[in-house]
Amino acid sequence: MKKTLVSIIVAIVAVFGGAWWFGSATYAEENESADGSSEEQTSEAAKMATSISVTPVSRIMQLKSGEVYDNNFSINNDGSRELAVEIFAAPYSYVYSEDTDSYQLGFSNENNYTQIVRWITFKGKDGNYAKTANFTVAPGESKQIDFRVTTPSNLPDGGQYAVIFARTTNGVASANGIKTEASPGMVLYGRSTDGETITKAEISNLSIRQSITEDNVTRNTISASAKVKNSGNMDFNAKGTLVVDGVIGGGHYETPATAGRTSVIPEAELVVSDEWKETPGFGIFKVKWTVEAGGETETIEQIVVINIIPVIIITIILLTIVVVWCIIRGKKRKERRSRLSV
């Protein structure tokens, strides 16, 4: 009987354990294959790509009506070939997409908050300022680019937003003959000190989920998201804080204080999110999701149960086996004592 019970227990463990191992192994093999090809593609791209960047990646300017502001940024050529670069400014705004039901970043949509593009000029090699400028940047060189913002006499209230691009014009031809370009940019936040400043955030669609799907693979991951809309005329930062605790105490995860914030400009609605990447395979957790934006705060709380039903079923089966084994063992002891007492 002992051997039978042990065999049953071993079989159950083998079935569930084998299934878990196979699933894990398959996932690992898929990732390994994907990583392998990705490394090859990355290695090939690295040989052909140009390496260019701008510093800083963003700049804030306080603006008044009828003034001239001179400023600068740097282009850095970290590659091994000389680059021809065109400097120009484009609108920094978001456009709603019905296909994705979300706001997509675009650089061609002009509105009341992108007029600063018209006020920006760049100092060329001849010392004159124009709407565009062209330079060559040697390998390893960092070139300073001077630009000027000339505000009108009737500066609009609120913020003004643009991206200053440094686009390579001598792109590298890839193996299939396609010419590639690089266009790093610096986001320019212009903030009017004249007129009325309105900061108005609308926080909605707060949700907590217990799974996430990537590349057709579903993982049990606790994540949270929310939408933040800017209905004012000045940009603000939005931040989400995800806190995961055990139902009987003990902290498991909290969004790091150093996590980046999302900058939300006027007429945009962006998603703020976070996830606990090290979520275990099963458990019961108390989850809290808080979003702060533009002086507003919204919070939701939820109990999240992950794969607890299979664990309970396996536990009940194992306990049943143990109980049956104890009963059978007890009966055998009684029979043995009865035979000895005769």
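The model shown is predicted, which means the values in this text are computed figures rather than measured ones.

Trainee: I'd like to hear about the sheet that holds strand β11 (residues 159-168), residue by residue, with values.
Mentor: Strand order in the open sheet formed by five strands is β2-β12-β11-β4-β9, with mixed pairing between adjacent strands. The sheet is open, and its two edges are formed by β2 (58-63) and β9 (133-137), each paired on a single side. Pairs of neighbouring strands in the sheet enclose a mean axial angle of 25°, with direction left out of account. As paired elements, strand β4 (residues 83-91) and β11 share seven bridges and run antiparallel to each other. Note on β11: the bridge partner recorded for Ile87 is Ala166.

Trainee: With reference to specific residues and values, describe the sheet that holds strand β3 (residues 68-77).
Mentor: Strands in a sheet are paired, the pairing made by backbone hydrogen bonds, and the direction either parallel or antiparallel. Read across the open sheet, the five strands follow the order β1-β3-β10-β7-β8; overall the sheet is antiparallel. Each edge of the open sheet is held by one strand with a lone partner, namely β1 (52-55) and β8 (129-130). Two elements, strand β7 (residues 120-123) and β8, share two bridges in a ladder whose sense is antiparallel. Considered in β8, the bridge of Lys123 is made with Tyr129.

Trainee: Run through unusual backbone geometry, naming residues and quoting values.
Mentor: Of note, the bond from Thr55 into Pro56 is cis; its omega dihedral lies within 30 degrees of zero at -5°. By the secondary structure assignment, Pro56 is in the loop between β1 and β2. The phi dihedral of Asn205 falls on the positive side, at around 55°, and the residue is not glycine. Structurally, Asn205 is set in strand β13 (residues 201-209).

What counts, and where the lines are drawn
- Residues numbered from 1 in each chain as written.
- Predicted model: local features only at pLDDT ≥ 70, side-chain atom pairs only at ≥ 80, totals over all residues.
- Heavy atoms only, no water.
- Pairing = 2+ DSSP bridges.
- Helix = DSSP H or I, 4+ residues; strand = E, 2+ residues; numbered from the N terminus.
- Axes fitted to C-alpha atoms, helices over the stretch in contact; angles between N-to-C directions.

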